[in-house]
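Residues per chain are reported as follows:
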Amino acid sequence: MEIEAKFAIPDAAVFHALQAPTRLGPFSLTNAHIRHVHDTYLDTPDRMLYQSGYGFRHREQEGGWLMTLKQIGGVEGALRRREELELALPEACPPAAWPPSPLRSRVLELIGEQVVRPLFTLDQTRIVRNVTAQERDIVELSLDEVHLTAPQRVEIFFTLEAELLPAGTEAELHTLIDLVQREWGLEPEQESKLARAATFFGLDMSDLPPCHQGI
């Protein structure tokens, strides 16, 4: 189960300004490290995963690929609470060739013998810090600069994600949400990266269920 909050960052100036604070209310922020992320979102030709309420992607990472199936929806203001299944692989391959795992079982349950194909890719630069309280890392805070690229077109947007870590509590995450809105002036992100990219790349999602927020 993933529990996180998402906020919209209005522009590059605010994005860069938010990299400076070392505290937020009673919480401390650790030193930042940078991650460059390349994601490819996939589905069957008839969007079977999406219509079943899931987003599916593979992420290039050192040593292989991280496959992620994430439930769509579960949005309450800035807060998102949804099922997330992941599997690390040394190389990309069809779901039927994955080793036994909860992710393999769920994907095959949803798509049967259908194949998954790329929908689109997006690139992110992530400025990642942990939020700490009483020497506990309670939340992973990510400032994301997201790039969507098509022939002769580029869209760049910015988000803040705050994912609850095992040592944190939901009460602490709610306190953090209030602080982000009050002290940093950010509003909840209303559109998911999946939905925003689908619009950018001209994918027709109009016949799919209205639960696309939050990937």
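Above this text sits the structure in question.
Residues numbered from 1 in each chain as written. Predicted model: local features only at pLDDT ≥ 70, side-chain atom pairs only at ≥ 80, totals over all residues. Heavy atoms only, no water.

A. How the structure looks around unusual backbone geometry. Positive phi outside glycine occurs at Glu135, with the angle close to 65°. Residue placement: Glu135 occurs in the loop between β10 (117-133) and β11 (136-150). Of the residues examined, Glu135 reaches a relative accessible area of 83% and is grouped as exposed. Unlike most non-glycine residues, Gln152 shows phi in positive territory, near 65°. Summarising the element assignment, Gln152 is placed in the loop between β11 and β12 (153-164). The exposure class of Gln152 is exposed, given its relative accessible area of 86%. (Helix = DSSP H or I, 4+ residues; strand = E, 2+ residues; numbered from the N terminus. Buried < 20%, exposed > 50% of the residue type's maximum accessible area, 1.4 Å probe, protein only.)

B. Broad picture of the pairing of β12. Sheet topology note: the strand β1 (residues 2-9)/β12 ladder contains 6 bridges and is antiparallel. Bridge pairing in β12 links Glu4 to Glu163. Relative to β12, β11 is paired through 12 bridges, and the arrangement is antiparallel. Each bridged residue has a counterpart across the sheet, and for Leu148 the counterpart in β12 is Glu155. (Pairing = 2+ DSSP bridges.)

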